[in-house]
Amino acid sequence: MAAPEAWRARSCWFCEVAAATTMEATSREAAPAKSSASGPSAPPALFELCGRAVSAHMGVLESGVWALPGPILQSILPLLNIYYLERIEETALKKGLSTQAIWRRLWDELMKTRPSSLESVTCWRAKFMEAFFSHVLRGTIDVSSDRRLCDQRFSPLLHSSRHVRQLTICNMLQGATELVAEPNRRVLETLASSLHTLKFRHLLFSDVAAQQSLRQLLHQLIHHGAVSQVSLYSWPVPESALFILILTMSAGFWQPGPGGPPCRLCGEASRGRAPSRDEGSLLLGSRRPRRDAAERCAAALMATRRKSEAKQMPRVAPATRVTRRSTQENLTTGGTDPKRELQSPPSAPATTSSASSSTSSSKRAPASSAPQPKPLKRFKRATGKKGTRTRQGSGAESEDLYDFVFIVAGEKEDGEEMEIGEVACGALDGSDPSCLGLPVLEASQRFRSISTLELFTVPLSTEAALTLCHLLSSWVSLESLTLSYNGLGSNIFRLLDSLRALSGQAGCRLRALHLSDLFSPLPILELTRAIVRALPLLRVLSIRVDHPSQRDNPAVPGNAGPPSHIIGDEEIPENCLEQLEMGFPRGAQPAPLLCSVLKASGSLQQLSLDSATFASPQDFGLVLQTLKEYNLALKRLSFHDMNLADCQSEVLFLLQNLTLQEITFSFCRLFEKRPAQFLPEMVAAMKGNSTLKGLRLPGNRLGNAGLLALADVFSEDSSSSLCQLDISSNCIKPDGLLEFAKRLERWGRGAFGHLRLFQNWLDQDAVTAREAIRRLRATCHVVSDSWDSSQAFADYVSTM
């Protein structure tokens, strides 16, 4: 009896509160109604009026509202603002109430955008609060414009920050300065624990103050937070300093900028703890600390200058003593001078000094280096923000740090000097990061780094590519790397070298690599072989090249071709690939190269070939035979945009494979030739295959006749266990679909799973199409759309 009494008590309390608080609201609403020119409107229901009053006084009545019975609370929920609606979520769930419909309505009314059809929203509350946070941060929404968004007792940013899983920073780094401001410290602390993905879109040039704010933001979210993924999208002209800043911070390096506030968390995290050797307190790629490398190289430049002056040769630029501190300050301040280039050293006459130079360099050069010292190559930095940088401090010279080469390719003993001609350009021909002025991070602290890095349509200059490669060479925490349309060119060889170095590191976690570009200096199959050799522990490899390689026109002048260790003809060692996706350029592909990759990938479970062309059906048959013999674990096989009209026997061979569970023939022109003979053979092969679960045939001009032939796969005498069928874009008309549905009903196979019908001619007879889909939904889950079939006139003519 206690529960009903409590229920009645709460109901009476609600009525009393509502009556007391609605008297004033009723009088306010009644007054304008009397003078309304259009006549009195229907007054709100008494319960709704009471609910509004309670919602307006939630600051006082919140605890009482939480204790209301479920039926009363359910009517109040739509009247609450977003802050109290979010706070009451847990209580509502305990009472068996859901707020998802309310949040969805708020999204439609306030955000006014429709989620992508590919997006599956599992929690509308989290989606709304995350979008609300971004709009408030950028100032694109006025919280005072709607009573559901405005409440003086709550901070919009703080209240919504715990729901933010991904944050996007755009244009001029809007929002970075606001987040690192002292009033928003609690917001940033909350983001550090909730945020997992940080995205940058359409970045523009930024000033030093904005970069300093971004530095602090990245330090808090990555080094002391939970951000595990950084993605950059659509940056047509990357600012070199900003791009390098994002990369180095993502890799875990941290050095406070000049004049920036100290991080209070750093002292707590590193108190009584010295950086370990594994943390990489030096620029990645070097194996032992070069404590005096900058000083030694500066001294070498000074010595060279003195010798040049003594010989009355043209003078080189005045040398500046470079220290680790000034090196890092150049990185953290982000200042650059786009007009400045590295100056090539004056050529010395061929005297006995050249012989002594070669002798001394041969003692110090590694075994893999060339016997002759290479001259310093010219390099122009990527264009950044225009304008000269202001330097501070007495004695600071106007020459930029990027004007000097301050690390040698080989290790030198302390006190030794070298001539500038002896400075091997390791960044161009080896692995030395600072030959082109890249910052040495010896003085930087190393913190946690991200595990996923994605670069989409971000052109990489030589400097940016070198920075990325040298960071990658020991970025052991990286698990997934995506490089999409970055214009790597010949820098792909440096990338392969860095990935090979990373693979040799203890604790390397890289398991997924996605690489796509317009051009490649290597043919795609040779590039795939090189990647598989460099990363034998890779699990997922996706590679796409849109246009054929042009070996005869390498991107870098003087490049005689790829290094021999990259395109070696030796057999590929066994690897751990489980998923391989390849998008080919036009032109016939050598089947033996593809077969060599497949033979070494015994663990392969999924293979996708896009736009692959072979010289003959026999070559395609060779690939399929290799799959059958060497890839026994293969479960999913996909072919897209391939002309298989002349490979019908090979297709039947695949459909008889009892290990495959899913096969996709997407826009492969399967039924272009001999459809009357091929369709029965195909159906017979599928009826005898009891392991095939999914068949996708989009874009093959199946037509009504082909669809009715496929219906026989589900007949009573069939052993097929097919449960997913995709017949999108196949010129199917409503009458054919209706007959297909009737045959399925006649055979009584029951629900067989999913049927996809996108982009078919179902709009030609909407009534018949609706009837067909109604019947099909009793058998399977149907996914369709309202596509305008008039766009497919060419396909219609081809199937007449």
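On to the overall build of the protein, then. Per the secondary structure count, the protein includes 29 helices and 17 strands. Expressed as a percentage of contacts within the protein between residues at least 6 apart in sequence, the contacts between residues at least 24 apart total 83%.

Structurally, Ser611 is set in the loop between strand E11 (606-610) and helix H23 (617-630). Engagement of the side chain of Ser611 in a polar contact is seen with the side chain of Asp610, the distance being 2.9 Å. Excluding residues that lie within four positions of it along the chain, Ser611 makes contacts with Phe584, Pro585, His640, Asp641 and Met642.

Turning next to the pairing of strand E9 (residues 540-545). Across 6 bridges, the pairing between strand E8 (residues 512-517) and E9 is parallel. Within the sheet, the bridge partner assigned to Ser516 lies in E9 and is Arg544. A crossover connection joins E8 to the parallel E9 through helix H21 (residues 524-534); in handedness this β-α-β unit is right-handed.

Right, let's talk about unusual backbone geometry for a bit. Residue Leu173 is not a glycine yet carries a positive backbone phi of 60 degrees. A relative accessible area of 3% means that Leu173 is categorised as buried. The backbone phi angle of Arg669 is positive, close to 55 degrees, even though this residue is not glycine.

Glancing now at the packing of aromatic side chains. Two aromatic rings, taken as a pair, are described by how far apart their centres are and by the angle between their planes. For the structure shown, the criterion picks out 11 aromatic pairs. Taking 5.9 Å as the distance between ring centres and 35 degrees as the angle between the ring planes, the aromatic pair formed by Phe614 and Phe620 counts as tilted. We note that Phe614, like Phe620, is buried. Among the aromatic side chains, those forming a connected cluster through ring pairs are Phe614, Phe620, Phe639 and Phe665.

Our next topic: the pattern of salt bridges. Inspection of every chain in the model, using the stated rule, returns 25 salt bridges. Arg756 is the salt-bridge partner of Asp726, the closest N and O atoms lying 3.5 Å from each other. On the criterion of sequence distance, the pair formed by Asp726 in strand E15 (residues 724-726) and Arg756 in strand E16 (residues 754-756) is long-range, its members being 30 residues apart. With a relative accessible area of 9%, Asp726 lands in the buried category. The exposure class of Arg756 is partly exposed, given its relative accessible area of 35%. Between Arg775 and Glu771 there is a salt bridge whose closest N-O contact spans 2.9 Å. Pair noted here: Arg775 and Glu771 are both in helix H28 (residues 766-776), with a separation of 4 residues, about one helical turn. Classification of Arg775 by relative accessible area gives partly exposed; the value is 22%. The class of Glu771 is partly exposed, set by a relative accessible area of 26%. Shared partners join several salt bridges into a network, and the residues in it are Glu745, Glu771, Arg774 and Arg775.

Further remarks concern the side chain of Asn491. Here Asn491 shows up in helix H20 (residues 491-503). What makes Asn491 buried here is its relative accessible area of 7%. Setting aside chain neighbours within four positions, we find Asn491 in contact with Ser461, Thr462 and Ala465.

Taking 1.5 Å of rise per residue, the 14 residues of helix H27 (residues 734-747) would be expected to cover 20 Å, and the 20 Å separating its terminal C-alpha atoms lies within 8% of that figure. Considered for burial, the residues of H27 that qualify are Pro734, Gly736, Leu737, Leu738, Phe740, Ala741, Leu744 and Trp747. Elements that come into contact with the buried residues of H27 comprise helix H26 (703-710), E15, E16 and H28.

Turning to H26, its buried residues are Gly703, Asn704, Gly706, Leu707 and Leu710. Seen from one end, H26 has its buried residues packed into an arc of 165 degrees, which puts them on one side. Close packing links the buried residues of H26 with helix H25 (675-687) and H27.

Below, the discussion takes up the nonpolar core. Counting 149 residues, the largest nonpolar core has Phe200, Leu214, Phe639, Leu655, Phe665 and Leu695 as the members making the most contacts within it. Residues contacting Phe200, with those up to four places away along its chain left out, are Ile169, Leu214, Leu218, Val230, Ser231, Leu232, Tyr233 and Ile246. One finds Ile88, Ala92, Leu110 and Leu149 within the second-largest nonpolar core, a separate group that totals 30 residues.

Here the focus is the packing of H26 against H27. Interhelical geometry of H26 versus H27 gives an angle of 10 degrees and a closest axis separation of 9 Å. Here H26 lies roughly parallel to H27, going by the angle between them. In this structure, H26 contributes Asn704, Leu707 and Leu708 to the contact, and H27 contributes Asp735, Gly736, Leu737, Glu739, Phe740 and Arg743.

Our next topic: the confidence of the model for the protein. The predicted model of the protein has a mean per-residue pLDDT of 76, with 67% of residues at 70 or higher. pLDDT under 50 marks residues 272-302. Its contacts with residues more than four places away, or in other chains, come to 64 contacts. In the model, residues 311-438 has pLDDT below 50 throughout and makes 216 contacts with residues more than four positions away in sequence or in other chains.

Across the 5 residues that make up strand E3 (residues 229-233), a large majority, 5, are buried. Residues Gln229, Ser231 and Tyr233 line one face of E3 and the alternating positions Val230 and Leu232 line the opposite face, and both faces are buried. Bridge analysis of strand E2 (residues 197-201) against E3 gives 5 bridges, and the strand direction is parallel. For Lys199, the partnering residue across the bridge sits in E3 and is Ser231.

The next thing to look at is the environment of Cys508. Here Cys508 lies in the loop between H20 and E8. Separated by 35 residues in the primary sequence, Cys508 and Ser473 have C-alpha atoms spaced 10.0 Å apart. Those residues in contact with Cys508 that sit more than four places away from it in its chain are Val476, Leu502 and Ser503.

One way to put it is that helix H11 (residues 185-194) packs onto helix H12 (residues 208-223) with a least axis distance of 8 Å and a crossing angle of 45 degrees. By the angle between their directions, the pair H11 and H12 is classed as oblique. For the pair H11 and H12, contact is made by Leu188, Glu189, Leu191 and Ala192 and by Leu217, Gln220 and Leu221, respectively.

Next up on the list: the environment of Met582. Positionally, Met582 belongs in strand E10 (residues 579-583). Here Met582 falls in the buried class, since its relative accessible area comes to 2%. Separated by 41 residues in the primary sequence, Met582 and Leu541 place their C-alpha atoms 8.3 Å from one another. Beyond its immediate chain neighbours, meaning those up to four positions away, Met582 contacts Ile524, Leu525, Thr528, Ile543, Leu594, Ser608, Leu609 and Asp610.

On to the environment of Gly70, then. With respect to the helices, strands and loops of the structure, Gly70 is situated in helix H4 (residues 70-76). A residue is classified by how much of its surface remains accessible, and Gly70, at 16% relative accessible area, is buried. When neighbours within four sequence positions are excluded, Gly70 is seen to be in contact with Lys95 and Leu97.

Conventions adopted
- Residues numbered from 1 in each chain as written.
- Predicted model: local features only at pLDDT ≥ 70, side-chain atom pairs only at ≥ 80, totals over all residues.
- Heavy atoms only, no water.
- Helix = DSSP H or I, 4+ residues; strand = E, 2+ residues; numbered from the N terminus.
- Contact = heavy atoms within 4.5 Å.
- Polar contact = N/O pair within 3.5 Å; in protein donor to acceptor, adjacent residues only side chain to side chain.
- Pairing = 2+ DSSP bridges.
- Right-handed = clockwise from strand over helix to strand, strands pointing away.
- Buried < 20%, exposed > 50% of the residue type's maximum accessible area, 1.4 Å probe, protein only.
- Phe/Tyr/Trp six-rings, centres within 6.5 Å; stacked < 30°, edge-to-face > 60°.
- Salt bridge = Lys/Arg side-chain N within 4 Å of Asp/Glu carboxyl O.
- Expected span 1.5 Å × (residues − 1).
- Arc of directions from axis to C-beta.
- Core = buried A, V, L, I, M, F, W, Y, C linked by side-chain atoms within 4.5 Å.
- Axes fitted to C-alpha atoms, helices over the stretch in contact; angles between N-to-C directions.
- Parallel < 35°, antiparallel > 145°, perpendicular 65-115°, else oblique.
- pLDDT = per-residue confidence, 0-100.

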